[in-house]
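Take a look at the letters that make up each chain.
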Amino acid sequence: MTTFAEIAPQLEHQAIEVPSWAYGNSGTRFKVFGTPGTPRTVEEKIADAAAVHRFTGLAPKVALHIPWDLVEDFAALRVYANDLGVELGTINSNTFQDDDYKFGGLTHHDPTIRQKAIDHHLECVEVMGATGSRDLKIWLADGSNYPGQADIRGRQDRLADSLQAIYAQLSGDQRLVLEYKFFEPAFYHTDVPDWGTALAHVQALGENASVCLDTGHHAPGTNIEFIVAQLLRLGKLGSFDFNSRFYADDDLIVGAADPFQLFRILFEVIRGGGYGPDSEVAFMLDQCHNVEKKIPGQIRSVLNVQEMTARALLVDRESLEAAQQEGDVLGAHEIFMDAFYTDVRADLASWREARGLPAHPMQAYAESGHQETIEAERVGGTQVGWGA
Ligand code: PSV
Ligand code: MN
Ligand code: MN
């Protein structure tokens, strides 16, 4: 049996990148509810991300979405973030909210629109230079709604060509991560629907291109941990967008819907060498907080990832392997489940306290008065929302 004391040093490596858009108002097509204290500016979003890091020690980076987080001076924004104790992380492109992209961006049949989409990505690469970001994350809304509407094969060829043009502009250790999603907003076909398609494209690009796995972007019942194992095996798992889903791309708090799935995913991450100081995998959240307060929503999220990481680290891998070798089906299963059922909350609280962090970050945030302060201060102006 592995003990918490044995795995504790490995918890030091944990860093979870939070998305700037988690702090803005969001909702469904039915209603977006405003929340008191919601940021009005990019700077206020970063300040909220910094608060999550202060209370947890787990979230040293904040991902930006362009143009939602477009500012005049990204170098100054970087200094602002650093002064608050966080760094600017992944740059997310956006070719899904401009009328020109109604029939696609990087896959578009019209060369002018396709070039506009490529140019947007080149602008993102420039931003990365100023922010010091390593990763450009590309998620495409491209696809079609009706059989016959679009030339599926032609779109793949154009996508490969567009990605090549973007990839060619990366420098140093910059990376391109390609995210897949099986449906939505297109309902018949999506141009990067699955990990196989994403892998085919990033493999054609080269070493600095890899796949982003968003946990909400799979059909119900998909064995996501298998995909994790395979991509790590091939050296092509670039990043995670963590969130929870009950039905489709719900973007709920990671680990809320199915903590066991999160545990299984993190076990494969650890097993495959994707966790630790030498790992290149970026652990991001891609979530929205529609009805709950946003900063505590993010604190809860990073704590859930930490808790399931600790439990996954507790799996006695030696005994597990021995049981597997012996064909001891139920013995192996029990070793796996023993770790999952281990309550690590008290151990994690002491671990945090020993590092000068609040033992119970949710409670500490609630008692800190921070929420009341931002609610009182942030009056007037326009609250930012998902997509703005
Ligand atoms: C698309 O559903 C997605 O998951 C992509 O990661 C986007 O960047 C993110 O949502 C925010 O729009
Ligand atoms: Mn995502
Ligand atoms: Mn999504």
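Please refer to the structure higher up on the page.
Quick caveat: nothing in here was measured; it's all calculated off a predicted structure.

What counts and what doesn't
- Residues numbered from 1 in each chain as written.
- Chains lettered and ligands numbered in written order.
- Predicted model: local features only at pLDDT ≥ 70, side-chain atom pairs only at ≥ 80, totals over all residues.
- Helix = DSSP H or I, 4+ residues; strand = E, 2+ residues; numbered from the N terminus.
- Rg over C-alpha atoms; globule rule 2.2 N^0.38 Å.
- Buried ≥ 20, exposed ≤ 12 C-beta atoms within 10 Å, placed from the backbone.
- Axes fitted to C-alpha atoms, helices over the stretch in contact; angles between N-to-C directions.
- Left-handed = near helix turned anticlockwise from the far one by under 90°.
- Contact = placed C-beta atoms within 7 Å.
- Nonpolar A, V, L, I, M, F, W, Y, C, P; charged D, E, K, R; others polar.
- Core = buried A, V, L, I, M, F, W, Y, C linked by C-beta atoms within 7 Å.

**Student:** Explain the overall build of the protein to me, using residue names and the numbers behind them.
**Tutor:** Helix and strand counts for the protein come out as 14 helices and ten strands. The C-alpha atoms of the protein give 21 Å as radius of gyration, which agrees with the globular expectation for 388 residues (21 Å, within 12%). Seen along its three principal axes, the alpha-carbon backbone of the protein occupies a region of about 60 × 60 × 45 Å. The burial tally for the protein puts 46% of its 388 residues in the buried class.

**Student:** Residue-level account of the packing of helix H4 (residues 111–131) against helix H5 (residues 152–167), with values.
**Tutor:** Relative to each other, H4 and H5 sit at 30 degrees, their axes nearing to 9 Å. In the packing of H4 onto H5, the handedness of the crossing is right-handed. In this structure, H4 uses Arg-114, Ala-117, Ile-118, His-121 and Leu-122 to contact H5, whose residues at the interface are Arg-158, Ser-162, Ala-165 and Ile-166. Each residue belonging to the contact of H4 with H5 can be placed in one class, and the counts come to five nonpolar, two polar and two charged.

**Student:** Can you explain the nonpolar core? Please cite residues and give values.
**Tutor:** Grouped burial of nonpolar side chains is what soluble globular proteins tend to show. Leu-178 and Val-211 are the most contacted members of the largest nonpolar core, which has 98 residues in total. The leading source of residues in this core is helix H9 (residues 294–313), at nine residues. Other than its neighbours up to four places away in sequence, Leu-178 contacts Ile-138, Val-192, Ala-198, His-201, Val-202, Ala-209, Val-211 and Cys-212.

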